[in-house]
Amino acid sequence: MKYRSEVDGLRAFAVLPVILFHAGFELFSGGYVGVDIFFVISGYLITSILLKELAQDKFSIIHFYERRARRILPALFAVMLACIPFAWAWLDPFALKEFFQSLVSTALFSSNIYFFLKTGYFDVAAEMKPLLHTWSLAVEEQYYVIIPIAMLLLWRLSLRSMAITFWLIFIVSLLAAQYFSGVNSSFNFYLLPTRAWELMMGSLVAVYADKLKLGEASKTKQFLSVIGMALILLAIFAFDETTPFPSFYALVPTLGTVLILCSSAPSNWVNKFLSWRGFVGVGLISYSAYLWHQPLLAFYRAKTFEEPSLVVGALVVISTLVLATITYYVIEQPFRNKKSLVWTRRNVFVFSFVGIVAFSISGIYGHIKQGFPERNEEFLRLAQNYGLSSACSGASFDDPRCKSSADPKYILWGDSHAMHLGQAVADVVGDAGVWQMTLSACPPVVGIKEAPRKELITCPEYNDLVFEKLHSLESTKERAVLVSSSKSISIYRWKSKVKATFDKLKSLNYDIYLVSSTPHFPRVEGCIVQSISEGNGFSDCQYKLSETTNYELLQREKKLAKELGIHYVDLVPLFCNQDGNCKITNGDALLLRDENHFSLEAQPLVGEKIRSALNL
């Protein structure tokens, strides 16, 4: 297809806002929409190329995937390889284990599915994941698996059949995105079914290219291209992280992109603007720039445990563009040269296969080795705390490993903040036993639909199953339910549902204990990791109770227990004295394994607090 310089300029308006948004420039609060602009452009370009080949009877699956391999894999493999030594040097074993897992999923173009599934409290914060941004590449690759076969079959019917099919996919996918934006934001954000409509918008522009008379100037097209540019800028500067996305809101930047693609003409103002050499230059290196920016930011945070300042953010942007330029000329261009005597079709496919296998094996090995804790065995103190068993970190509380006796008299219900109490409760209740019913990020409140899905079950479904089980148990007067959650119990907007939940428990005659959350100290996880790395005994990790990010919630939690007439187990004194001075150690024990979850070595101390509350 004929080269369109304004499309490369449009790529610049996709990649730069994304980089600036992630680098912390608040002006670009909606910069994340750049990914959506990329999706529309990709849908348009790929469909245009395939339509031309089908019309000329030159369509070839092998040729299609050769082009994709040349375009995508060399730069991607270079960035993945460059990440490994920095991950080894700067990530703790748990973050490194997750990095190796993401290495596998990225190599197999399934990282969007991986990151969708890896969104629990126990996971490394998103901004610390060097390969998080590859989710969008995975979405596109999954589209590339489907679109050539689909277009070949539809072409044999008619172009009209193709258009109708694309419209149906667009409508169904857009409606699904709108629906899931309020039901399961993680599914909505990462997965192809709710992103396909954006790719279809570009595909539909390609299907109607002849009717749209692309390249011909008119006053209408002049106007529409200006509207399109305005819509893109509106989304970049007016949207923010609270905007439900993707949803109908995503029509703003994607429709803007469509209008520009449809209204192309050399004499248009927007065409001339986007065809400026600077924008086109950034557009040409946009793929490599997108690849480099997230690792640079993630490793900066991993090394310093700080958010980048404006100066650091600016340096990251400059470094990204420099690395992208080098990658474009040294790696991308040679591989994309089909006349190369070195990078023949055979060699490109061999290179692709070897790279995918090598990264997959490396990632699997890193996972098996648990992130190589032997680099510093003190990091083993930060081992994950699943309670009774890792089997209890998901939806199957019927697993026998989630019971410490045959007929437990104590039920532990909640999210990861109930989970990390499991072993402590089991130790103090002894033969009476505890039954751990916990699901990460799922507050123990019936009817809450806002919690993200962490397993193959939603939070409301899980809590309904818990209540069914609590209903079915006999001798409830002899049993107690211990409830704990990160912060959700005391959120005002859920107060009626919280009260209804505890009223139901009371009606079943259970003795009820609300166990407090841990104090959430600011930047404590970085202090823990840095202290272990430097061996300074956590002396720098001292705080004021009033500084905790959940201070108000802790006060509300205590007040709520009094209002509801249930027992309250306050764990804050493990950390803080009566003057409100707090530290993360108690004697020789390190209390926290991350920013707010108890460590394994804290279990005896937690158990004593619970023993006292239960009068055992």
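These figures come from a predicted structure and were not determined experimentally.

Draft legend 1. Region of interest: the layout of surface pockets. There is about 1000 Å³ of room inside the second largest pocket. Elements with a contribution of two residues or more to the lining of the second largest pocket: α1 (5-22), α2 (34-55), α3 (61-90), α6 (135-155), α14 (277-284), α15 (286-304) and α16 (310-336). Among the elements that line the lining of the second largest pocket, the one with the most residues is α2, at nine residues.

Draft legend 2. Highlighting the state of the cysteines. Taken as a whole and judged by the stated rule, the model has four disulfides. Here Cys 527 is linked by a disulfide to Cys 541, with a sulfur-sulfur distance of 2.0 Å. With the S-S bond torsion at -105°, the cross-link from Cys 527 to Cys 541 turns out left-handed. Pair noted here: Cys 527 is in helix α22 (residues 524-534) and Cys 541 is in the loop between α22 and β5 (542-544), with a separation of 14 residues, a long-range link. Judged by its relative accessible area of 0%, Cys 541 is buried. Cys 576 shares a disulfide with Cys 582; S-S distance 2.0 Å. When the S-S torsion is 105°, as for the bridge of Cys 576 with Cys 582, the disulfide is right-handed. Comparing Cys 576 with Cys 582, the two get one shared label, buried.

Draft legend 3. Expanded view of the nonpolar core. Formed by 114 residues in total, the largest nonpolar core has its most connected members in Phe 99 and Phe 166. Considering each element in turn, this core owes the most residues, twelve residues, to α2. Dropping the residues within four chain positions of it, Phe 166 is found in contact with Thr 47, Ile 147, Met 151, Leu 154, Met 200, Ser 203, Leu 204 and Val 207. Core analysis: the next-biggest nonpolar cluster, separate from the first, contains 47 residues, Leu 421, Leu 482, Leu 574 and Cys 576 among them.

Draft legend 4. Molecular detail of the pattern of salt bridges. The tally for this structure, following the rule as stated, stands at 20 salt bridges. A salt bridge links Asp 8 to Arg 11, with the nearest nitrogen and oxygen atoms 2.7 Å apart. Placement of the pair is Asp 8 and Arg 11 together in helix α1, with a separation of three residues, close to one helical turn. Residues Asp 8 and Arg 11 agree in their burial class; the two are buried. Ionic pairing is found between Asp 407 and Arg 479, a salt bridge with its closest N-O pair at 3.0 Å. Here the residue Asp 407 occupies a position in the loop between α17 (345-368) and β1 (410-414), and Arg 479 occupies one in the loop between α20 (459-472) and β3 (480-484), the gap between them amounting to 72 residues.

Draft legend 5. Spatial organisation of the pairing of β3. Burial within β3 is extensive, with five of its five residues counted as buried. Alternating residues of β3 divide into Ala 480, Leu 482 and Ser 484 and Val 481 and Val 483, and every residue in both groups is buried. Two strands pair when backbone bridges link them, and β1 and β3 are joined in this way by five bridges, in the parallel orientation. From the neighbouring strand, Leu 412 faces β3, where its bridge partner is Leu 482. Two strands pair when backbone bridges link them, and β3 and strand β4 (residues 511-515) are joined in this way by four bridges, in the parallel orientation. Each residue of the ladder has a partner; that of Leu 482, found in β4, is Tyr 513.

Draft legend 6. The pairing of β1, seen in detail. By the criterion of burial, β1 is predominantly enclosed, with five of the five residues buried. The two faces of β1 match: Tyr 410, Leu 412 and Gly 414 on one face and Ile 411 and Trp 413 on the other face are all buried. Direction of pairing for β1 relative to strand β2 (residues 434-438): parallel, over a ladder of five bridges. Bridge assignment links Trp 413 to a residue of β2, and that residue is Met 437.

What counts and how
- Residues numbered from 1 in each chain as written.
- Predicted model: local features only at pLDDT ≥ 70, side-chain atom pairs only at ≥ 80, totals over all residues.
- Heavy atoms only, no water.
- 1 Å grid on protein atoms, 1.4 Å probe; cavity = no way out; pocket = protein on both sides within 12 Å on 5 of 7 lines; lining within 4 Å.
- Points joined across faces, edges and corners; volume = space filled by probe spheres on them.
- Helix = DSSP H or I, 4+ residues; strand = E, 2+ residues; numbered from the N terminus.
- Disulfide = S-S within 2.5 Å.
- Buried < 20%, exposed > 50% of the residue type's maximum accessible area, 1.4 Å probe, protein only.
- Core = buried A, V, L, I, M, F, W, Y, C linked by side-chain atoms within 4.5 Å.
- Contact = heavy atoms within 4.5 Å.
- Salt bridge = Lys/Arg side-chain N within 4 Å of Asp/Glu carboxyl O.
- Pairing = 2+ DSSP bridges.

Treat this as a map of the structure, not an account of what it does.
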